Amino acid sequence: MSDLIRLLPDHIANQIAAGEVVQRPASVIKELVENCIDAGATKIDIVIKDAGRTLIQVTDNGKGMSPVDARMAFERHATSKIQAAEDLYALTTKGFRGEALASIAAVAQVTLKTKRPGDDFGTSIQIEANKIIQQEPVQCAEGASFEVKNLFYNIPARRNFLKSDNIEFKHIIDDVERVALAHPDIAFRLIHNEQEIYNLFAVPLRKRIVDVFGKNYSDKLVPVNEVTDIVRIEGFVCKPEAARKTRGEQFFFVNNRFFRDNYFNHAVSAAFEDILPPKHFPTYFLFFEVDPKHIDVNVHPTKTEIKFEEDKAIYSILRSTVMAALGKYNIKPTLDFERETSFDVPAEIRNQPAVEPVIRVNPFYNPFEAPSTGHSRNNSNASGKAFTSALHNQGFGASGSSGFQGFWSGDMDELPEITTESEQQELHEKLSRPTGPFLRKGHLVLCSVEEGLMVIHFQRANEKLLYERSMTNFMYQPLESQQLLFPLTKTCGMQDKLVWENHKNLLERVGFQWTWNEVEMEISGIPSLLNEQSIHLAIDMLLERFQMGEIDAGEIVHVIIDLIARAASNVRIQSMNESEIEQFIEHYFELDNVMFTAKGKKIIGIISNQQLLNVL
Ligand code: ADP
Ligand code: MG
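Not measured: the values here are computed from a predicted model.

**Points about helix α1 (residues 10–21)**
At step 1: The terminal C-alpha atoms of α1 lie 16 Å apart, and with 12 residues this matches the ideal 16 Å at 1.5 Å per residue to within 8%.
At step 2: For α1, the full list of buried residues reads A13, N14, A17, A18 and V21. For α1, the angular spread of buried residues about the axis comes to 145°, placing them on one side.
At step 3: In this structure, the buried side of α1 is in contact with α2 (25–38), α4 (100–106) and α5 (156–161).

See below:
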């Protein structure tokens, strides 16, 4: 029997290697841009079509290549960056494996035009599946320009594996963001389908962060700075109010290379302990400088993990540095964590002399008889519109001053466990309709009913009412849009802009109207449920939900209305007078099920007459 082992032909070996390096259009861009940086470029232009599927062009003004180097660059393991094995341990460049160009050329049609400064002519090389199709001298600009067409044209399986353009483009933005942050001294331009996405000039880091993520960051960045023998740490953390509910903007770089690290992330989070709202993540842009001898980047080419020799020491330096930065800039919680607990009695009642309570027992009360509340529970749609405008006229809409805090601390203390669930259900059936007077205690409304003392969780009730009304309305027609006299501007990041545009149709249907001025959103119409103060909060909440991942149309409608209702229900009961509360209760009790929120939290509880008597 003859021998079986054979060496793989080059083009197959390259395709296999390409599988590791080139996973998607974003990885091509990352590799090409890193090469530009290694070549000393000060300006990098990225032009793509169809999220990089059909065209990726990366042009720099770096040191260029000679005709021979231009050819060599596409060979596997061809690199100008290391010469001896020791070099591997003192890397200051991004690349070193000499694999990227060979891999890209194995799975796409590539044209390179390059010229060294001072040369009369440049070189043009055309390569397909690692075969040189053409090489000739050309007139071209100094630097290098790579054009990568029809990625995976020769591997249909890989091509079909690519996600939607939106998702692929999001990966590209992720990578461009990272490299743009790591190199604020380099100018970057990104153009997608002829539309300019970024045009970033060389600026200091702080300005670069603001250019990439929006103006609202400019007064939220707290500088971090520490030099030790082991590590030098520089960069910015954001004030607690810029914290996000998704792990959006968290960036670590070591020697200007982006990396992820849960352990160091924990160190930063620990420094923020007690000053962040629950379930929020700090935003940070932190740059480490470490002697390359003491880190290992020689892991998987596309991986973003890095091994640090002295990770424990760096952990504690990082933690105390961030704490010191927050302390130095006097960052105290700007959010009010204390909830109102005082017994909040309306003024009219507070000034009345205390009257000894009298228990009245209704001898004719029959628990098996349906309550005669005189209210139909199915007329919600008819009154929905009227109620919507009533919200604004009467101040039930979100109030600006109560702001953010009322919402996220929405997970308030549970109501005291006073009845079992089956008792609750039974009670719902025969619940008497509360009439005034209403007492406020913190966020609760108390009132006397036939069965005893009714306790209503105001915020949950308000949220439920808004949700139910909007949902019913939405089923029949788009939500009303309220035109703004003066458009509002909201600064977003590029990511935000993308996800917002992805949900354009539905957002329009719930009443948003907007145009873009780069990453500034100019809002001309808002859902009529919201007011101008709550719009920023609502948009942030929507963006956070969208950022968490793809959601389908049905879910979006739910989320939007749920979020709008939550933002709009961010009303402090303290700001309402007694007749407003009365009116609110009346509307609320028209709903089908008043006892629980959609998620099963209790909205109403009854302390029975018997229990009240037992108190004494
Ligand atoms: P590596 O970056 O690991 O060296 P690559 O395959 O990415 O490997 O690139 C191979 C070589 O091609 C580089 O070492 C460099 O000499 C040259 N090269 C690639 N891109 C550029 C560029 N934009 N400008 C100048 N030289 C480049
Ligand atoms: Mg490289």
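The discussion continues.
**Points about the confidence of the model for the chain**
At step 1: Here the chain shows a mean pLDDT of 78. Residues at 70 or above account for 77%.
At step 2: Low confidence marks residues 332–419, where pLDDT is under 50. Its contacts with residues over four positions away, or in another chain, come to 153 contacts.

**Concerning the packing of helix α15 (residues 494–502) against helix α17 (residues 535–547)**
At step 1: Between α15 and α17, the shortest axis-to-axis distance is 10 Å and the interhelical angle comes to 85°. The angle between the axes of α15 and α17 places the two elements in the roughly perpendicular class. Contacts between α15 and α17 involve Q495, D496, V499 and W500 from the former and I539, L542, L543, F546 and Q547 from the latter.
At step 2: The residue makeup of the contact of α15 with α17, split by class, is six nonpolar, two polar and one charged.

**Some words on the sheet that holds strand β12 (residues 257–259)**
At step 1: As summarised here, the arrangement of the five strands in space is β9-β10-β13-β11-β12, forming an open sheet in which the pairing is mixed. Every other strand in the sheet has two partners, leaving β9 (221–227) and β12 as the edge strands with one partner each. Geometrically, the sheet is characterised by an average inter-axis angle of 20° between neighbouring strands, direction not taken into account.
At step 2: Where β9 meets strand β10 (residues 232–238), seven bridges bridge the pair, whose relative direction is antiparallel. Within β10, the position partnered with L221 by the bridge is C238.

**Structural notes on the packing of helix α6 (residues 165–182) against helix α7 (residues 205–213)**
The description of two helices packed together rests on the angle between their axes and the distance between the axes.
At step 1: Between α6 and α7, whose axes approach to 9 Å, the crossing angle comes to 160°. Considered as vectors, α6 and α7 are oriented roughly antiparallel to each other. Seen along the crossing, α6 lies across α7 with a hand that is right-handed. On α7, the residues that touch E177, A180 and L181 of α6 are L205, R208, I209, V212 and F213.
At step 2: Taken together, the residues that form the contact of α6 with α7 break down as six nonpolar, no polar and two charged.

**Points about the packing of aromatic side chains**
At step 1: The tally for this structure, following the rule as stated, stands at 28 aromatic pairs.
At step 2: Between F259 and F288, the ring centres sit 5.9 Å apart and the planes meet at 65°, which makes this aromatic pair edge-to-face. Within this pair, whereas F259 is found in strand β12, its partner F288 is found in strand β13 (residues 284–289), the two being separated by 29 residues in sequence. Residues F259 and F288 agree in their burial class; the two are buried.
At step 3: Ring centres of F259 and F308 lie 5.3 Å apart, and the angle between their planes is 45°; this geometry places the pair in the tilted category. Highlighted residues: F259 in strand β12 and F308 in strand β15 (residues 307–308), separated in sequence by 49 residues. The pair F259 / F308 is uniform in exposure class, with both members buried.

**Observations concerning the sheet that holds strand β5 (residues 131–138)**
At step 1: On the basis of which strands lie adjacent, the open sheet formed by eight strands has the order β5-β4-β3-β6-β2-β1-β7-β8 and mixed pairing. On the outer flanks of this sheet lie β5 and β8 (195–200), each paired with one strand and no other. The sheet shows a mean angle of 10° between the axes of neighbouring strands, taken without regard to direction.
At step 2: Sheet topology places strand β3 (residues 109–115) next to strand β4 (residues 122–128); six bridges connect them, and they run antiparallel. Bridge assignment links T111 to a residue of β4, and that residue is Q126.

**What about the site of ligand 1?**
At step 1: Taken together, 19 residues lie around ligand 1, and N35, T79, S80, K81 and G98 are the ones closest in.
At step 2: A distance of 2.5 Å is found between an oxygen atom of ligand 1 and a side-chain nitrogen or oxygen belonging to T79.
At step 3: Within the complex, 94% of the 540 Å² of free accessible area of ligand 1 lies under protein.
At step 4: At the level of secondary structure, the elements contributing two or more residues to the shell around ligand 1 comprise α4 and β6 (143–149).
At step 5: Considering only residue class, the shell around ligand 1 consists of nine nonpolar, six polar and four charged.

**Some thoughts on the side chain of E249**
At step 1: Its location among the elements puts E249 in the loop between β10 and β11 (250–254).
At step 2: Separated by 2.3 Å, the side chains of E249 and Y217 make a polar contact.
At step 3: A polar side-chain atom of E249 sits 3.3 Å from a polar atom in the side chain of R244.
At step 4: Among all residues touching E249, those that are not within four sequence positions of it are F213, Y217, R244, P282, T283, Y284 and F285.

**Some words on unusual backbone geometry**
Trans peptide bonds make up most of the peptide bonds, and negative phi angles are found at most residues other than glycine.
At step 1: Phi angles above zero are rare outside glycine, and F152 is one such case at about 60°.
At step 2: Examined against the element boundaries, F152 turns out to sit in the loop between β6 and α5.
At step 3: Backbone geometry at E518 places phi at a positive 55°, although glycine is not the residue there.
At step 4: One can find E518 in the loop between β20 (513–517) and β21 (520–527).

**Brief notes about the environment of F512**
At step 1: You can see F512 is positioned in the loop between α16 (504–509) and β20.
At step 2: Among all residues touching F512, those that are not within four sequence positions of it are W500, L507, G525, P527, L530, I535, I539 and L542.

**Some details on the pattern of salt bridges**
If charged atoms from side chains of opposite charge come close, those side chains can pair.
At step 1: Tallied over the full model, the rule gives 20 salt bridges.
At step 2: Across the pair E194 and K49 runs a salt bridge whose closest N-O atoms are separated by 3.9 Å. Of the two residues, E194 sits in the loop between β7 (187–192) and β8 while K49 sits in strand β1 (residues 43–49), which places them 145 residues apart along the sequence.
At step 3: For E194, a relative accessible area of 70% puts it in the exposed group.
At step 4: Residue E520 pairs with K215 through a salt bridge whose shortest N-O separation is 3.3 Å. Placement of the pair is E520 in strand β21 and K215 in the loop between α7 and β9, with a sequence separation of 305 residues.

**So, the environment of Q15**
At step 1: Along the chain, Q15 falls in helix α1.
At step 2: Residue Q15 is classed as partly exposed on the basis of its relative accessible area, which comes to 28%.
At step 3: Spatially, the C-alpha atom of Q15 lies 6.7 Å from that of V107, the residues being 92 residues apart in sequence.
At step 4: If we ignore the near neighbours within four places in the chain, the residues touching Q15 are A106, N154 and I155.

**With respect to a nonpolar patch on the surface**
At step 1: A grouping of L8, I12 and I16 is seen on the molecular surface, where their side chains present a nonpolar patch of about 270 Å² in accessible area.
At step 2: Structurally, I12 can be placed in helix α1.
At step 3: Residue I12 is classed as partly exposed on the basis of its relative accessible area, which comes to 33%.

Definitions and cut-offs
- Residues numbered from 1 in each chain as written.
- Chains lettered and ligands numbered in written order.
- Predicted model: local features only at pLDDT ≥ 70, side-chain atom pairs only at ≥ 80, totals over all residues.
- Heavy atoms only, no water.
- Helix = DSSP H or I, 4+ residues; strand = E, 2+ residues; numbered from the N terminus.
- Expected span 1.5 Å × (residues − 1).
- Buried < 20%, exposed > 50% of the residue type's maximum accessible area, 1.4 Å probe, protein only.
- Arc of directions from axis to C-beta.
- Contact = heavy atoms within 4.5 Å.
- pLDDT = per-residue confidence, 0-100.
- Axes fitted to C-alpha atoms, helices over the stretch in contact; angles between N-to-C directions.
- Parallel < 35°, antiparallel > 145°, perpendicular 65-115°, else oblique.
- Nonpolar A, V, L, I, M, F, W, Y, C, P; charged D, E, K, R; others polar.
- Pairing = 2+ DSSP bridges.
- Left-handed = near helix turned anticlockwise from the far one by under 90°.
- Phe/Tyr/Trp six-rings, centres within 6.5 Å; stacked < 30°, edge-to-face > 60°.
- Near = heavy atom within 4 Å.
- Polar contact = N/O pair within 3.5 Å; in protein donor to acceptor, adjacent residues only side chain to side chain.
- Areas by Shrake-Rupley, 256 points an atom, 1.4 Å probe, with all protein chains shown as cover.
- Salt bridge = Lys/Arg side-chain N within 4 Å of Asp/Glu carboxyl O.
- Patch = residues over 30% accessible without salt bridge, like charges linked within 9 Å, V, L, I, M, F, W, Y side chains within 5 Å.

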